[in-house]
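Read off the chains here:
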Amino acid sequence: MDVLHTPHGDVTLPAFFPDATRGVVRGLDAADLEACGVPGLVVNAFHLASRPGSRTVQSLGGVHALMGWQHPVITDSGGFQIFSLIRQNPKLGTITNNEAIFRSADGRKAQRLSPEKSIQTQLRLGADILVCLDDCTHPSDPLSVQTASVVRTIEWAERCKAEFERGLAQRRRAPGPPPLLFAVVQGGADPDLRRLCAKELIAIGFDGYAFGGWPFDTGRRLLSDILALTCDLMPPEKPRYALGIGSPATLIACARMGYNLFDCSLPTRDARRGRLYVFDSSGDLSYSRVYIRDATHRRSRGALSDTCDCLCCHSYSRAYLHHLFATGDALAWRLATIHNLRFYTTLLTRLATP
Ligand SMILES: [Zn+2]
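Residues numbered from 1 in each chain as written. Predicted model: local features only at pLDDT ≥ 70, side-chain atom pairs only at ≥ 80, totals over all residues. Heavy atoms only, no water.

A. Broad picture of the coordination of the zinc ion. Taken together, Cys308 (SG), Cys310 (SG), Cys313 (SG) and His339 (ND1) make up the full set of protein donors to the zinc ion, lying 2.1 to 2.4 Å away. In this structure, the zinc ion is coordinated by four donor atoms arranged in tetrahedral fashion, with angles at the metal of 96 to 119°. When the donors of the zinc ion are listed by position in the chain, the intervening gaps give C-x1-C-x2-C-x25-H. Of this pair, Cys313 sits in helix H12 (residues 311–315) while His339 sits in helix H14 (residues 330–352); the two residues are 26 residues apart in sequence, bridging distant segments of the chain. Here the two residues Cys313 and His339 agree in accessibility, since each one is buried. (Donors = N, O, S within 2.8 Å, 3.2 Å for Na, K, Ca; no water. Tetrahedral: all angles 85-135°; square planar, octahedral: opposite > 155°, others 65-115°. Helix = DSSP H or I, 4+ residues; strand = E, 2+ residues; numbered from the N terminus. Buried < 20%, exposed > 50% of the residue type's maximum accessible area, 1.4 Å probe, protein only.)

Next up, the structure:
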């Protein structure tokens, strides 16, 4: 599986898609993202359904037209956010076998999210890759919760696929590859539940499979064994998506297991905090972090990275970037984010080179 065909072009795998959760990678426009070599973006269907509304996006020509972005877009179902919110605070909603009901903190507004509604929203947004609504858990949740999550995830995936096929049949589709539907494998840290979930989802049949659930244990250690086992359960000829992963080191570890599609908000969030990744001079995957707000960079004339070809490293010094952060200028976010995303696209290129 080296190339993924989507309505908005081919994606060479392995690939990293930055998170444009609310329809924007903060501080960057489409030209900035293209200059970084970003192959595609992940937007959050749940957030866009709240604002500006999926029908509004549809009336404006879809999420690509809205963002001025002509490359592939994955729509995250929003399941992760809802379940993490509801699980952390049951007052914010309930999960039934039929749907999730999310309530605002003041209790005045309720948002219902069923598998069918999630797919309808993602189709209205005009996604290239849709993701089934799933029931996300934490590995520390008890076995009864993990089991219920797997049963629900399989049932919801079946309903998502039926709605997806119904939706596609009703639409007049443009020539070229159709949108794709991915399913999410749940099961916490239990190998048998992961096996069951993967087997049932593969029997239904999807265009790609993702690792779902929180990938770290309570000690913040990566669940390497369960990630590797789950990856091995996925068909090798289909994309294997490590949802929400991750830091450069975590991404490298998962790529070595066989995952070939990634997304994470970490590089852009780190950039806004002045935490930047820089490859060591060896030319391999080794890297270090630069904390650009540190006073040591105040008089540094050198580039953030001598080997990086991004706008920030090509045109400005560490001292200037430090100054932009010190003065709180929006340009600090833009340059730092451009650099971290260029680091990730370079990292993925290096991973693809044997
Ligand atoms: Zn750079």
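B. Seen up close, the side chain of Ser118. Relative to the assigned elements, Ser118 resides in helix H6 (residues 115–125). What Ser118 contacts, discounting residues up to four positions off in sequence, is Ser77, Leu113 and Leu133. (Contact = heavy atoms within 4.5 Å.)

C. Up close: helix H9 (residues 224–233). Residues of H9 that are buried: Ile226, Leu227, Thr230 and Cys231. With its buried residues spanning 135° around the axis, H9 presents them on a single face. Facing away from the buried side of H9 by more than 90 degrees, the exposed set consists of Asp225 and Asp232. Of the surrounding elements, those touching the buried residues of H9 are strand E10 (180–185), helix H8 (191–204), strand E11 (208–211), strand E12 (240–242) and helix H10 (248–257). (Arc of directions from axis to C-beta.)

D. Molecular detail of the environment of Asp306. Inspection of the secondary structure assignment puts Asp306 in the loop between strand E15 (287–291) and H12. Overall, the relative accessible area of 75% leaves Asp306 in the exposed class.

E. Geometry of the sheet that holds strand E5 (residues 73–76). Spatially, E3-E13-E12-E11-E10-E9-E5-E4 is the arrangement adopted by the eight strands of the open sheet, whose pairing is parallel. Strand pairing shows two members of the sheet lacking a second neighbour, strand E3 (15–18) and strand E4 (41–44), which therefore form its edges. For this sheet, the mean inter-axis angle between neighbouring strands, taken without regard to orientation, is 25°. Judged from the two bridges that link them, E12 and strand E13 (residues 261–264) form a sheet pairing that is parallel. Each residue of the ladder has a partner; that of Ala242, found in E13, is Phe262. Contacting strand E9 (129–131) and E10, helix H7 (residues 143–170) crosses the sheet at an angle of about 175° to E10. (Pairing = 2+ DSSP bridges. Axes fitted to C-alpha atoms, helices over the stretch in contact; angles between N-to-C directions.)

F. Seen up close, the nonpolar core. Judged by nonpolar contacts, the single largest core of 90 residues is most densely connected at Tyr259, Phe262, Leu304 and Leu321. Filtering out sequence-adjacent residues up to four positions away, Leu304 remains in contact with Leu276, Val278, Val290, Ile292, Cys312, Cys313, Arg318, Leu321 and His339. The next biggest cluster of nonpolar side chains, apart from the first, holds 16 residues, and it includes Phe17, Val131, Val184 and Ala210. (Core = buried A, V, L, I, M, F, W, Y, C linked by side-chain atoms within 4.5 Å.)

G. Looking closely at the sheet that holds strand E6 (residues 93–95). As summarised here, the arrangement of the three strands in space is E6-E7-E8, forming an open sheet in which the pairing is antiparallel. If you trace the sheet from one side to the other, it starts and ends with E6 and strand E8 (110–113), each paired once. Across the sheet, the mean angle from the axis of one strand to that of its neighbour is 15°, orientation sign disregarded. Across three bridges, the pairing between E6 and strand E7 (residues 100–103) is antiparallel. Each bridged residue has a counterpart across the sheet, and for Thr94 the counterpart in E7 is Ile101.

H. Quick look at the pattern of salt bridges. Tallying each qualifying case throughout the model produces 10 salt bridges. Residues Asp217 and Arg221 are paired through a salt bridge, measuring 3.2 Å at the closest nitrogen-oxygen approach. (Salt bridge = Lys/Arg side-chain N within 4 Å of Asp/Glu carboxyl O.)

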